[in-house]
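Residue-level listing of the chains:
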Amino acid sequence: MTLVAPGSVIGILGGGQLGRMLAGAAQRLGFDVDIYCPEEDAPAARVCRQHWKGTYTDAALLAEFARACDVVTLEFENIPVSAAAIIESTGTPLHPGPRSLSMSQDRAEEKAFLNAIGIATAEYRLIDAEADIGPAFAELGAPALLKTRREGYDGKGQAWIRTAQDIAGAWRQVSQVPCVLEAAVPFEREISVLVARSSRGETKTWAPPHNVHLDGILSTSTVPSGLPRDVEHDAREQAIMLVDALGHVGVLALEFFVLPDGTLLANEFAPRVHNSGHWTPEACQTGQFEQHIRAICGWPLGDTRRLFDAEMVNLIGEAGLVEPDHLEPGDVLTLYGKREARPGRKMGHITRRLNPRRD
Ligand code: AMP
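This section reports on the structure supplied with the text. (Residues numbered from 1 in each chain as written. Predicted model: local features only at pLDDT ≥ 70, side-chain atom pairs only at ≥ 80, totals over all residues. Heavy atoms only, no water.)

In this section: the environment of Ala144. With respect to the secondary-structure elements, Ala144 resides in strand E6 (residues 144-148). Classification of Ala144 as buried rests on a relative accessible area of 0%. Each C-alpha atom of the pair Ala144 and Val180 lies 10 Å from the other, and the pair is 36 residues apart in sequence. Every residue in contact with Ala144, bar those within four places of it in the chain, is listed here: Phe137, Ala159, Trp160, Ile161, Leu181, Glu182 and Ala184. (Helix = DSSP H or I, 4+ residues; strand = E, 2+ residues; numbered from the N terminus. Buried < 20%, exposed > 50% of the residue type's maximum accessible area, 1.4 Å probe, protein only. Contact = heavy atoms within 4.5 Å.)

At the junction of Ala142 and Pro143, the peptide bond is cis and its omega measures out at -10° in the coordinates. Mapped onto the fold, Pro143 is located in the loop between helix H6 (133-140) and E6. Cis peptide bonds are those with omega within 30 degrees of zero, and the linkage from Val223 to Pro224 qualifies with 5°. Relative to the elements of secondary structure, Pro224 occurs in the loop between strand E12 (217-223) and helix H8 (229-246). Residues other than glycine seldom take positive phi values, yet Ser175 does so here, at roughly 65°. Positionally, Ser175 belongs in the loop between helix H7 (167-173) and strand E8 (179-183). Backbone geometry places Asp215, a non-glycine residue, at a positive phi of 50°. Turning to its location among the elements, Asp215 is positioned in the loop between strand E11 (210-214) and E12.

Right, let's get into the packing of helix H2 (residues 59-68) against helix H3 (residues 81-89). Relative orientation of the contacting elements H2 and H3 amounts to 45°, with a least axis distance of 8 Å. Judged on the interaxial angle alone, H3 and H2 are oblique. Once H2 is placed against H3, the crossing between them reads as right-handed. Residues Ala59, Leu62, Ala63, Phe65 and Ala66 of H2 form the contact with H3, whose own contacting residues are Ala83, Ile86 and Ile87. Residue classes in the contact of H2 with H3 are distributed as 8 nonpolar, no polar and no charged. (Axes fitted to C-alpha atoms, helices over the stretch in contact; angles between N-to-C directions. Parallel < 35°, antiparallel > 145°, perpendicular 65-115°, else oblique. Left-handed = near helix turned anticlockwise from the far one by under 90°. Nonpolar A, V, L, I, M, F, W, Y, C, P; charged D, E, K, R; others polar.)

Before going further, it helps to examine the site of the ligand. Neighbouring the ligand are 17 residues; Lys147, Gln158, Glu182, Glu190 and Glu268 lie closest to it. The contact in question runs from a nitrogen atom of the ligand to an N or O atom on the backbone of Val185, over 2.9 Å. Within the contact set of the ligand, an oxygen atom lies 2.7 Å away from a side-chain nitrogen or oxygen of Glu268. Protein burial of the ligand: of its 480 Å² of free accessible surface, 90% is covered by the chains. Every element with two or more residues in the shell around the ligand is listed here: E6, strand E7 (158-161), E8, strand E13 (250-258) and strand E14 (264-270). (Near = heavy atom within 4 Å. Polar contact = N/O pair within 3.5 Å; in protein donor to acceptor, adjacent residues only side chain to side chain. Areas by Shrake-Rupley, 256 points an atom, 1.4 Å probe, with all protein chains shown as cover.)

Time to look at the layout of surface pockets. Computed from the structure, the second largest pocket encloses a volume of approximately 340 Å³. Around the second largest pocket sit 15 residues that line it, and Ala207, Arg229, Glu232, Arg236 and Arg357 are the ones nearest its centre. The element contributing the most residues to the lining of the second largest pocket is H8, with 4 residues. By residue class, the composition of the lining of the second largest pocket is 3 nonpolar, 5 polar and 7 charged. (1 Å grid on protein atoms, 1.4 Å probe; cavity = no way out; pocket = protein on both sides within 12 Å on 5 of 7 lines; lining within 4 Å. Points joined across faces, edges and corners; volume = space filled by probe spheres on them.)

Helical periodicity: at 3.6 residues per turn, an α-helix aligns residues three or four positions apart in one direction. Taken together, the buried positions of H2 are occupied by Leu61, Leu62, Ala63, Phe65 and Ala66. Where H2 is buried, its residues contact strand E1 (9-13), strand E2 (32-37), strand E3 (50-53), strand E4 (71-74) and H3.

Moving on, we come to H6. Every buried residue of H6 is listed here: Ile133, Ala136, Phe137 and Leu140. Buried residues of H6 fall within an arc of 100° about the axis and therefore sit on the same side. Facing away from the buried side of H6, by more than 90 degrees, are the exposed residues Ala138 and Glu139. Along its buried surface, H6 packs onto strand E5 (124-127), E6, E7, H7 and E8. Once H6 ends, the next one or two residues include Gly141, with phi positive near 90°. (Arc of directions from axis to C-beta.)

Let us now look at the sheet that holds E2. In any sheet, the strands associate via hydrogen bonds between backbone groups, in a parallel or an antiparallel arrangement. Taken in spatial order, the 4 strands line up as E3-E2-E1-E4 in an open sheet, and their pairing is parallel. Since the sheet does not close on itself, it has two edges, and those belong to E3 and E4, each with one partner. On average, adjacent strands in this sheet sit at an angle of 25° to one another, irrespective of strand direction. Pairing analysis gives 4 bridges linking E2 to E3, with the strands arranged parallel. The residue of E3 that forms the bridge with Asp34 is Gln50. Relative to the sheet, helix H1 (residues 17-28) contacts E1, E2 and E4, its axis offset from that of E1 by approximately 170°. (Pairing = 2+ DSSP bridges.)

Laid out in structure tokens, this is it:
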């Protein structure tokens, strides 16, 4: 529960846009930021005090980086758990720790953990070989979604199975690695809860945004979600249950499917700041990036009250080649500094503040 004072050095594992925005928030609070990532020209590596360029298996460099920092955090969850162990062995605190990482790296462990603490998910079966798919598909019913247990994101590593004829193709599409087969959820909408838990054990959630995905990639996040208050409250309580059960420190995003009757089924969680929370800095008293820094430094958490209705629009691929002349005066633009626009690549986002809230 160490209090990390302003002026200290925060280390971030990962060099993407989330690291860049975390670095901005940390710098505003008076911290220096070091970034550890393998890429030369990464978005976060260009805004930090020092870029430690190395792989997540380079034990000596990871340890040297950790010793140069007062606290270490991460901006993507596929950091090997072995790298987390190396950081912790230096005595520098790592938030979130290996438990949050390992639980979120494997869809099977993640779902089993969620179910064990009373958070419902879609029905699923474990798939280790092609021969497991037929019986599982028969039990779950059509359609079903085959997802790799590890390293899937933005709809990658997934294949729909609509009839038994799709099985062989789907298995090839996911590269024949261990998977889960999930029943299709006839959801009415998708939401996520951003929650922060500090090293003191304090928790806060934000109003859950309504998330729309296109081709498996988040397209827009809108608040208010349009759901009844009691459903939102339930989702927020479940997210608090999750961070408490994990002993998580930092921000975490828990994604839900919402059925037409308001039933919530958790899809997955990310143990970090999240794209569906990108509207929070502009629309709330405290945004997710600042809150994450407060949480890992043992500071009191900031007020998460929402001051505006808001819509966040992702700029993906060519849409990220923004012509400043075409912006609406009220658009709050964030670009990630990526050198090249590729299809499906997140280049930036726009937040629109809509109605100010008086309550
Ligand atoms: P994921 O990578 O698990 O977040 O999935 C990406 C998107 O695919 C989700 O946000 C949903 O829009 C869709 N999806 C994932 N799992 C299911 C499911 N079991 N039923 C229906 N749609 C799903």
